[in-house]
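# Residue-level structural notes
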Amino acid sequence: MSGAIGLAGMAALRSGAGLVTLAVPDVCLETVAAFEPSYMTAPLACDRDGRIGSVAEADVLRLAAGADCVACGPGLSRAPHLTDLIAKLYETLSQPLVLDADGLNALAALGEACPPAASPRILTPHPGEFRRLNGNLDSRVPWEDACRQAVALAARRGWVLVLKGHRSLITDGQRVTYNTTGNPGMATGGTGDVLTGVITALVCQGLTPFDAAHLGVYLHGMAGDLAAEQLGQVSLTARDLIDFLPQAFQCHDKRQRRVAGFAPEPGLRTAISES
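Predicted model, so just to flag it, every value in this text is computed and none were measured. (Residues numbered from 1 in each chain as written. Predicted model: local features only at pLDDT ≥ 70, side-chain atom pairs only at ≥ 80, totals over all residues. Heavy atoms only, no water.)

### Comments concerning helix α1 (residues 2–14)
Put simply, the test is: Secondary structure elements are taken from DSSP: a helix is a run of H or I of four residues or more, a strand is a run of E of two residues or more, and numbering for both begins at the N terminus. Take the residue count of a helix, subtract one, and multiply by 1.5 Å to get its expected span. Type-normalised accessible area, obtained with a 1.4 Å probe on protein chains alone, sets the label of each residue: buried when under 20%, exposed when over 50%, and partly exposed for intermediate values. Here, two residues are considered to be in contact whenever any of their heavy atoms come within 4.5 Å of each other.
In a regular helix each residue adds 1.5 Å, so 13 residues correspond to 18 Å; α1 covers 19 Å between its end C-alpha atoms and thus fits that length. Turning to α1, its buried residues are Ala4, Ile5, Gly6, Leu7, Ala8, Gly9, Met10, Ala11 and Ala12. Where α1 is buried, its residues contact β1 (21–25), α2 (29–35), α8 (191–204) and α10 (238–258). Positive phi shows up at glycine 16, right after α1, with a value of about 105°.

### Brief notes about the nonpolar core
Taken as a class, soluble globular proteins show a tendency for nonpolar side chains to be buried jointly. Condition: As used in this record, nonpolar core signifies buried Ala, Val, Leu, Ile, Met, Phe, Trp, Tyr and Cys residues forming a set joined through side-chain atoms within 4.5 Å.
One finds Leu22, Val24, Val32, Ile122, Val194, Ile199 and Leu202 to be the most contacted residues of the largest nonpolar core, which totals 47 residues. Those elements that provide at least two residues to this core are α1, β1, α2, β6 (160–163), α8, α9 (209–231) and α10. The element that contributes the greatest number of residues to this core is α9, accounting for 11 residues. Dropping the residues within four chain positions of it, leucine 22 is found in contact with Ile5, Gly6, Gly9, Val32, Tyr39, Met40, Thr41 and Ala42. With 36 residues, the next largest nonpolar core counts Ala56, Leu76, Leu123 and Ala150 among its residues.

### Focus on the side chain of threonine 177
Relative to the elements of secondary structure, threonine 177 occurs in strand β8 (residues 176–178). Those residues in contact with threonine 177 that lie beyond four places of it in its chain are Ser168, Leu169, Ile170, Phe210 and His214.

### Comments concerning the pairing of β1
For the record, the criterion: A strand pair is defined by DSSP finding two or more bridges across the two strands. Look down the strands so they point away from you; if the path from the first strand over the helix to the second goes clockwise, the crossover is right-handed.
Here β1 runs beside strand β2 (residues 40–44); their pairing, made up of five bridges, is parallel. Each bridged residue has a counterpart across the sheet, and for alanine 23 the counterpart in β2 is alanine 42. Tracing the backbone out of β1, into α2 and back to the parallel element β2 gives a crossover that is right-handed.

Put into structure tokens, the structure is as follows:
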């Protein structure tokens, strides 16, 4: 799923990250690099199935050491050695770490053996991934109950947690907010990868993990709403969100200017400094 990491990288660029590097298995590096000339790619040794290999751990840690924020999960795939890699990153990275997709599944596989984290961790599960993280696989849990469980889990683990869905929940276990943007057309493959890139870029620009998650979800949904206005919900794709992110940032910046002198809504502050 090379497109997943490509979407995350393109979204990070569109959300203000100055330099973006995608570390990918060497067998798919040319494919990922061809999606976008503005990000960099780094090859990692892979196993016989084309996944990041166990011998690549040192290279991953070396690359991560030079980053302001690290994201992991889109297109990662599953394997015992990848679970070990996620555990290592989760436990040792001094930078904020954004986890999505198979990064979340690897963390869920650790269960209560999940080690303490060295710095803030932002998790962006959809309901199924959240159930695995929470150790409750009952899909019949009402949304309201899932939200209460998410707040409790974030408080217990010290996470910033985004429970994705209609009116996504953002919480750090103490603060709780629900997003107001977005539409059903965004329920399509790759939109979560775009959100990963947006949040990562906002962290890189100095927002706190909670504010980056809050603002990232808001802008992500706004880009979806702007895209749906022009393209319709049926035809919406994840790539469209990336194309409409600049308009989403501009709309948010104009909104902030209109309320200058008044306290902004919590977390909804501009992520781009004026020059």
